[in-house]
Amino acid sequence: MGLLAKIVKNEAMKSDPPEIYNWRVYVLSCSACFAGALFGMDTGIIGGVLKMDTFRKKFGLSHLNAVDSANLEANIVSTLQAGCFFGALVAYWFADRYGRRIALIICAIIAIIGTTMQAASNGHLAVMYIGRLITGVAVGAASMLNPLYTSENAPRAIRGALTGMYQFFIVSGICLAFWINYANLLHQKGNAQYVISLALQAMPAVCLGIGMLVSNESPRWLAKSDQWEKAASTLAKIRNLPVEHEYVQMEMTEIRENLELEQRLIGGSGFWDLQKEMWTIRGNRNRALISIGLMICQQMTGTNAINYYAPQIFSNLGITGTKTGLFATGIYGIVKMVACGIFLIFVADSLGRRKSLLWTSIAQGLAMYYIGFYGRFDRPVKGAAVPPAGYVAIVMIFLFASFFQFGWGPVCWIYVSEIPSARLRAMNVGLAAATQWLFNFVVARATPNMMVTVGAGGYGTYFIYGTFCFAMYIFAYLFIPETKGLGLEEMDKLFGVVENKFSGDEENRVGSAGMVEREVTEGGKVIVHEEIVG
């Protein structure tokens with residue numbers, strides 16, 4: 001606790017009891033975050049596999065021209081994103097009805113089935129497509145469930161770090177995938193090179209399933225499901241405090257009051273009731289739009305263009321040979337993982353979300369623009385040594401990866417999982433995750449074609465993504481308030497819920513400062529006016 005207090009600088013760390021920072025909360029967070037490793041492994045494996053000669057011959061890529069090959073590669077990669085989009089959309093309903101934990105276990109089972117089909121496809125594109133689509137449903141659903149589950153269990157002072165661990169597991173999975181591809185290329189022969197890589201995508205799914213079997217359900221979901229005693233005992237266990245402890249009772253009271261207030265505002269809990277609550281109440285609508293905007297921005301940085309097609313990008317910058325390209329890709333994965341770890345430990349709950357997004361927007365844009373200028377004015381010549389400017393461009397790829405992990409990578413997942421109201425959290429995170437996968441699909445599908453059509457060597461691609469990065473500074477500056485150190489139930493105070501009328505002459509509203517006002521009128525005259533601080 002002493003070390004944690006020195007690292008994390010926010011008010012909640014100073015006031016909350018030290019017992020709540022115990023091993024249980026870290027174990028359950030890590031268990032759920034294998035969903036991120038599943039995402040990362042699937043992302044990293046396919047990029048290297050597509051460049052293996054054995055895979056290209058088996059699946060008919062080797063005899064295609066550059067444009068047709070790029071199209072087929074894009075189809076193979078983007079089939080996963082299509083499944084992810086639908087998985088993220090439907091998972092919120094399942095998570096609200098049956099719980100976050102059960103939903104994650106089912107995701108693990110579906111992912112194992114999908115990855116098995118990919119490994120066993122044996123040159124049949126249809127089987128590969130179906131396997132990636134099925135895996136995508138699981139990955140997309142898990143991408144929505146993991147931040148939701150972790151944020152609902154985490155203590156508020158370190159919620160940013162624990163929720164952001166999802167991003168750390170993503171980049172760890174990507175890094176591991178890069179090195180698996182490299183090792184298989186060096187030590188395996190024939191079809192085993194790509195079959196083993198594809199089969200090992202199931203490893204995080206197995207860990208996720210086992211981890212969830214021994215983890216608890218979210219206490220906030222239990223409360224939302226009217227299982228109050230179980231919610232209190234589960235929260236007490238996670239916080240390592242007795243049920244009657246004032247901190248546990250305070251947190252349970254906040255949960256109860258928050259749920260009761262939200263239910264009074266709209267009433268029902270059906271799909272259309274929640275849609276009405278999300279889009280007709282300004283504070284909720286703003287949060288939904290911010291979540292969508294963040295996920296669009298995250299993908300338009302171009303990070304997954306590099307993740308999926310890193311060997312090709314390094315080749316365009318002058319690194320020749322499949323083995324050398326995969327080795328450089330492996331180093332890229334290590335850089336991402338180390339940078340994300342540093343951010344989560346030292347920055348996420350100290351510097352905060354807003355400042356992290358602001359400075360990394362500019363830094364990412366500058367890195368992308370340098371690579372674009374290098375490709376435009378000093379592009380490497382095939383067979384020639386890489387010029388000094390080329391080595392700087394390669395360093396810029398690594399710096400871009402670091403900048404992304406200090407802002408738009410982990411912060412987006414942290415933010416969209418913590419700002420929604422309790423009744424809308426699953427739906428809001430599902431909407432954000434679906435948006436992320438939709439634009440992930442756009443990037444995965446468009447980038448191979450951009451690399452062969454937008455300027456020689458695809459240099460214009462970097463200008464496009466760099467311009468998006470600069471534009472994100474404006475979005476973050478105008479629309480993203482700071483949330484570090486705030487409890488989940490305090491988000492209504494930050495974002496506000498406005499003017500919601502009830503039957504008769506009674507009106508309730510929640511202002512932007514989080515104050516609930518209740519007025520009872522008679523003949524147009526206010527006869528009762530109450531102000532309740534939420």
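Look above for the structure.
Residue positions are given per chain, counted from 1 along the sequence in the order it is written. Only residues with pLDDT of at least 70 get local features here, since the model is predicted, and only at 80 or more are side-chain atom pairs given and counted; chain-wide, interface and lining totals rely on the full set of residues. Excluding hydrogens and water, the side-chain values take into account all heavy atoms of the structure.

Enquirer: How would you sum up the overall build of the protein? Please name residues and give values.
Expert: Counting secondary structure elements, the protein contains 23 helices and four strands. Using a 1.4 Å probe, the Shrake-Rupley method yields the accessible areas, and only the shown protein chains count as cover for residues. As displayed, the protein has an accessible area near 20300 Å², and 64% of this comes from carbon and sulfur atoms. Helix and strand definitions here come from DSSP, where helices need a minimum of 4 consecutive H or I residues and strands a minimum of 2 consecutive E residues; each element is numbered from the N-terminal end.

Enquirer: Would you mind going over the nonpolar core in detail, with residue names and values included?
Expert: Take the buried Ala, Val, Leu, Ile, Met, Phe, Trp, Tyr and Cys residues and link them wherever side-chain atoms come within 4.5 Å; each set so joined is a nonpolar core. When accessible area is computed with a 1.4 Å probe and restricted to protein chains, residues below 20% of their type maximum are described as buried, those above 50% as exposed, and intermediate ones as partly exposed. Counting 151 residues, the largest nonpolar core has Phe-55, Met-144, Leu-145, Leu-294, Phe-314 and Trp-408 as its most contacted members. Whether two residues are in contact is decided by their heavy atoms: any pair within 4.5 Å suffices. Discounting chain neighbours no more than four positions away, the residues touching Leu-145 are Ala-91, Ala-95, Ala-103, Leu-104 and Cys-107.

Enquirer: Mind laying out the packing of helix α14 (residues 271-280) against helix α15 (residues 282-300), listing which residues take part and the relevant values?
Expert: Whenever a helix is involved, its axis is fitted only over the stretch in contact; in every case the axis is a line through C-alpha atoms, and angles between N-to-C directions fall within 0 to 180 degrees. Two elements in contact, α14 and α15, have axes separated by 5 Å at closest approach and are oriented at 85°. Taken together, the axes of α14 and α15 are roughly perpendicular relative to one another. Residues Glu-277, Met-278, Trp-279 and Thr-280 of α14 lie in contact with α15, whose contacting residues are Arg-282, Asn-284, Arg-285, Ala-288, Leu-289 and Ile-292. Under this grouping Gly is polar, as are all residues other than the nonpolar Ala, Val, Leu, Ile, Met, Phe, Trp, Tyr, Cys and Pro and the charged Asp, Glu, Lys and Arg. Across the contact of α14 with α15, the residue classes break down as five nonpolar, two polar and three charged. In what follows, roughly perpendicular refers to angles from 65 to 115 degrees, roughly parallel to angles under 35, roughly antiparallel to angles over 145, and oblique to any angle outside these ranges.

Enquirer: Tell me about the packing of helix α18 (residues 353-377) against helix α20 (residues 410-418), and name the residues and values.
Expert: Following both chains from N to C, one finds α18 and α20 inclined at 145°, their axes separated by 10 Å at the closest point. In this structure, the crossing between α18 and α20 has a hand that is left-handed. The residues of α20 that touch α18, namely those facing Arg-353, Ser-356 and Leu-357, are Val-411, Ile-414, Tyr-415 and Glu-418. Class assignment for the residues of the contact of α18 with α20 results in four nonpolar, one polar and two charged. In a left-handed crossing the near helix is turned counterclockwise from the far helix by less than a right angle, and in a right-handed crossing that turn is clockwise.

Enquirer: Help me get a handle on the pattern of salt bridges, residues and values and all.
Expert: Take a side-chain nitrogen of Lys or Arg and a carboxyl oxygen of Asp or Glu: if they are within 4 Å of each other, that pair is a salt bridge. Inspection of every chain in the model, using the stated rule, returns 13 salt bridges. Close ionic contact of Glu-73 with Arg-56 constitutes a salt bridge, the shortest N to O distance being 2.8 Å. One end of the pair, Glu-73, is in helix α5 (residues 66-98); the other, Arg-56, is in helix α4 (residues 53-58), and 17 residues separate them in sequence. Exposure remark for Glu-73: the relative accessible area of 3% places this residue in the buried category. Residue class for Arg-56 comes out buried when judged on its relative accessible area of 15%. Between Asp-96 and Lys-224 there is a salt bridge whose closest N-O contact spans 3.6 Å. Residue Asp-96 is found in helix α5, and its partner Lys-224 is found in helix α11 (residues 219-224); the two are separated by 128 residues along the sequence. Owing to a relative accessible area of 15%, Asp-96 belongs among the buried residues under this scheme. By sharing partners, the salt bridges in this structure join Asp-96, Arg-100, Glu-152, Lys-224 and Arg-425 into a single network.

Enquirer: I'd love a proper account of the packing of aromatic side chains, names of residues and values included.
Expert: Only the six-membered ring of Trp is used, alongside the rings of Phe and Tyr, when aromatic pairs are assigned; centres must lie within 6.5 Å, and planes under 30 degrees apart are stacked while those over 60 apart are edge-to-face, with the rest tilted. Under the criterion given, the structure shown has 24 aromatic pairs. Look at Phe-39 and Trp-437: their rings are 4.5 Å apart centre to centre, the planes differ by 50°, and that puts the pair in the tilted class. Residue Phe-39 is located in helix α3 (residues 23-49), and its partner Trp-437 is located in helix α21 (residues 425-453); the two are separated by 398 residues in the primary sequence. Exposure remark for Trp-437: the relative accessible area of 0% places this residue in the buried category. Arranged with centres 6.3 Å apart and planes meeting at 75°, the rings of Phe-168 and Phe-169 form a pair that is edge-to-face. Aromatic rings pair up to connect Tyr-369, Phe-373, Phe-377, Tyr-459, Phe-463 and Phe-470 into one cluster.

Enquirer: Explain a nonpolar patch on the surface to me, using residue names and the numbers behind them.
Expert: Patch membership requires over 30% relative accessible area and the absence of a salt bridge. Like charges are linked within 9 Å, and nonpolar side chains (Val, Leu, Ile, Met, Phe, Trp, Tyr) within 5 Å. There is a patch of nonpolar side chains on the surface, built from Phe-327, Ile-331, Ile-334, Val-338, Ile-342, Ile-345 and Phe-346 and spanning about 580 Å² of accessible area. Mapped onto the elements of the fold, Ile-342 is located in helix α17 (residues 322-346). Exposure remark for Ile-342: the relative accessible area of 38% places this residue in the partly exposed category.

Enquirer: Summarise unusual backbone geometry; cite the residues concerned and give the values.
Expert: Positive phi, close to 70°, is recorded for Asp-226, a residue that is not glycine. Position of Asp-226 among the secondary structure elements: in the loop between α11 and α12 (228-239). Of note in this structure, Asn-240 is not a glycine but carries a positive phi near 60°. The residue Asn-240 is located in the loop between α12 and α13 (246-266) in this model. According to the relative accessible area criterion, Asn-240 is partly exposed, its value standing at 40%.

Enquirer: With reference to specific residues and values, describe the environment of Gly-136.
Expert: Tracing the backbone through its elements, the reader meets Gly-136 in helix α7 (residues 125-153). Excluding anything up to four places from it in sequence, Gly-136 contacts Leu-80, Gly-83 and Cys-84.

Enquirer: Would you mind going over the environment of Ile-290 in detail, with residue names and values included?
Expert: Here Ile-290 shows up in helix α15. Sequence-distant contacts of Ile-290, defined by excluding residues within four places in its chain, comprise Tyr-415, Ile-419, Phe-475, Phe-479, Ile-480 and Phe-495.

Enquirer: Outline the state of the cysteines, listing residues and values.
Expert: Any two cysteine sulfur atoms within 2.5 Å of one another count as a disulfide. Here the structure, examined in full by the defined rule, presents zero disulfides. Considering cysteine sulfurs only, Cys-412 is the nearest to Cys-297, which forms no disulfide, with 7.3 Å between them.

Enquirer: Quick rundown of helix α22 (residues 459-479)? Include the residues and the values.
Expert: The first and last C-alpha atoms of α22 sit 31 Å apart over 21 residues, in line with the 30 Å expected at 1.5 Å per residue. Those residues of α22 that sit buried are Gly-460, Thr-461, Tyr-462, Phe-463, Tyr-465, Gly-466, Cys-469, Met-472, Phe-475 and Ala-476. In this structure, the buried side of α22 is in contact with α15, α16 (303-316), α18, α19 (388-405) and α21. Expected span of a helix: the number of residues minus one, times 1.5 Å.

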